[in-house]
Amino acid sequence: MFTIGTFARLGDVSIRTLRHYDEIGLLTPARVDPANGYRSYAPSQLLHLHRITALKELGLTLDEIRKLLVDEPDAGQTKELLERRRDELAARVNVDLRRLARVEQRLRYLETEFTMTTDLSIRHIPATRVAEVRSPDNRGLGWSEIVDFAREAIPTLLEALKGAGVTPEGPVLVHYTEREDLLIPTAAVPIGDQPIDGVGGIDEGVLAESDVIVAVHRGGPDHGAVGPVYSQMARFAEDHGYLVNGPGRDHIVAVDGDDMVFELQLPVARER
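Residues numbered from 1 in each chain as written. Predicted model: local features only at pLDDT ≥ 70, side-chain atom pairs only at ≥ 80, totals over all residues. Heavy atoms only, no water.

Tallying secondary structure elements over the protein chain gives 7 helices and 12 strands in all. In the protein chain, which comprises 272 residues, the proportion classed as buried is 38%. Excluding contacts between residues fewer than 6 apart, the proportion of contacts in the protein chain whose partners are at least 24 apart in sequence is 68%. Surface accessibility of the protein chain: about 16200 Å² in total, with carbon and sulfur atoms responsible for 52%. (Helix = DSSP H or I, 4+ residues; strand = E, 2+ residues; numbered from the N terminus. Buried < 20%, exposed > 50% of the residue type's maximum accessible area, 1.4 Å probe, protein only. Contact = heavy atoms within 4.5 Å. Areas by Shrake-Rupley, 256 points an atom, 1.4 Å probe, with all protein chains shown as cover.)

Laid out in structure tokens, this is it:
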């Protein structure tokens, strides 16, 4: 038999915790000395204590643990309780993983923003008629969702135009409209004067003429790579007396393995 102090040390809990478990009927000592009230525990009870600790670390309450280990619960109830806790933990892990990815992306952004060198120029872009696929339900998306949208929408757009005999007259691009703190992406391709009536799922649009800051970027499409370039473009605009006049346009010039070549265009207007 173990004294309560030894049992607490072996189980990596406090004596106060063991007394509390006894009071609520979660872990009762194997023996209590009737003369002095000292508690003693059997070696086999260590396994029970380790189970309690493991379930507590999973986030179960002491009441839930007692139902699992002491109150002889129905097997279906036990399974339901553990599945619910598993789903809660999985959801929490996914949230933390997304948060970690955003932090890592921001670190990459900060590391490259002031060290990268990009050739920038100012160009006038005429109004351009395009065929396009818009974000589902015209919905604003976060950056990672925008990448997923583009990977699905661009092949859909090109296949539909090919089936209709329409030839792209320039590189595929993604342009954006703003909604609160999110961007609504649209995948598009210039088509000149070619008709697209009857091409299912494809809309017609016109990109307004604009002066743009232009940069060529080679790399991944994630915000950690593209964001610093746009940051430089915005500072370039300010240094040359321009104001940013809307979200950017990302033209996909070429794809080379995991790398992509973009011509990034940031619409600007002369500062008055």
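Still more ground to cover, so stick around.
Attention now moves to the environment of Val244. For Val244, the position within the fold is in strand E10 (residues 242–244). Of the residues examined, Val244 reaches a relative accessible area of 45% and is grouped as partly exposed. A C-alpha to C-alpha distance of 8.9 Å links Val244 and Val212, two positions 32 residues apart in sequence. For Val244, the contacting residues outside a window of four places in its chain are Ala234, Leu266, Pro267 and Val268.

This paragraph deals with the pattern of salt bridges. Under the counting rule described, the total for this entry stands at 7 salt bridges. Between Arg123 and Glu263 there is a salt bridge, with its nearest N and O atoms 3.2 Å apart. One end of the pair, Arg123, is in strand E4 (residues 120–125); the other, Glu263, is in strand E12 (residues 259–270), with 140 residues separating them in the sequence. Between Arg134 and Glu132 there is a salt bridge, with the nearest N and O atoms lying 3.1 Å from each other. Three or more residues are tied together by salt bridges with common partners; here these are Glu132, Arg134 and Asp203. (Salt bridge = Lys/Arg side-chain N within 4 Å of Asp/Glu carboxyl O.)

This part covers the packing of helix H1 (residues 4–11) against helix H3 (residues 45–57). When two helices pack together, you describe them by how their axes are tilted relative to each other and by the distance separating the axes. Contact pair H1 / H3: the axes reach a minimum separation of 10 Å and the direction vectors enclose 50°. Comparing the axis directions of H1 and H3 gives the class oblique. Classified by chirality, the crossing of H3 by H1 is right-handed. Within the contact between the two elements, H1 uses Phe7, Leu10 and Gly11 and H3 uses Gln45, Leu46, Leu49 and His50. Here the contact of H1 with H3 is built from residues that sort into 4 nonpolar, 3 polar and no charged. (Axes fitted to C-alpha atoms, helices over the stretch in contact; angles between N-to-C directions. Parallel < 35°, antiparallel > 145°, perpendicular 65-115°, else oblique. Left-handed = near helix turned anticlockwise from the far one by under 90°. Nonpolar A, V, L, I, M, F, W, Y, C, P; charged D, E, K, R; others polar.)

Another point: H1. Among the residues making up H1, those that are buried are Ile4, Phe7, Ala8 and Gly11. The buried residues of H1 all sit within an arc of 100° when viewed along its axis, so they share a single face. Backbone geometry just after H1 places Asp12 at a positive phi near 60°. (Arc of directions from axis to C-beta.)

The general pattern is negative phi for most residues beyond glycine and trans for most peptide bonds. Non-glycine residue Asp12 carries a positive phi angle of around 60°. With respect to the helices, strands and loops of the structure, Asp12 is situated in the loop between H1 and helix H2 (15–23).

Our focus in this paragraph is the packing of H3 against helix H4 (residues 62–69). Contact geometry of H3 with H4 gives a least axis separation of 10 Å together with a crossing angle of 135°. When the interaxial angle is binned, H3 and H4 end up oblique. Crossing handedness for the pair H3 and H4: right-handed. Contacts between H3 and H4 involve His48, Arg51, Ile52, Leu55 and Lys56 from the first element and Ile65, Leu68 and Leu69 from the second.

Glancing now at the nonpolar core. Grouped together as the largest cluster of nonpolar side chains are 36 residues, with contacts concentrated most on Ala131, Leu161, Ile196, Ile213 and Met233. The set of elements that each furnish at least two residues to this core consists of strand E5 (128–134), helix H6 (143–163), strand E6 (172–179), strand E7 (182–190), strand E9 (210–219), helix H7 (223–239) and E12. Broken down by element, the residue count for this core peaks at 7 residues, all from H6. Not counting residues up to four positions away in its chain, the partners in contact with Leu161 are Ala131, Val166, Val189, Ile191 and Ile196. (Core = buried A, V, L, I, M, F, W, Y, C linked by side-chain atoms within 4.5 Å.)

For the rest of this paragraph, the subject is the sheet that holds strand E3 (residues 39–41). Ordered in space as E1-E3-E2, the 3 strands form an open sheet in which the pairing is antiparallel. On the outer flanks of this sheet lie strand E1 (2–3) and strand E2 (31–32), each paired with one strand and no other. In this sheet, E3 lies alongside E2 in antiparallel orientation, the contact comprising 2 bridges. Its bridge partner lying in E3, Val32 is registered against Arg39. (Pairing = 2+ DSSP bridges.)

Once that is clear, we can look at H4. Taken together, the buried positions of H4 are Glu64, Ile65 and Leu68. Burial along H4 is one-sided: seen end-on, the buried residues are contained in an arc of 100°.

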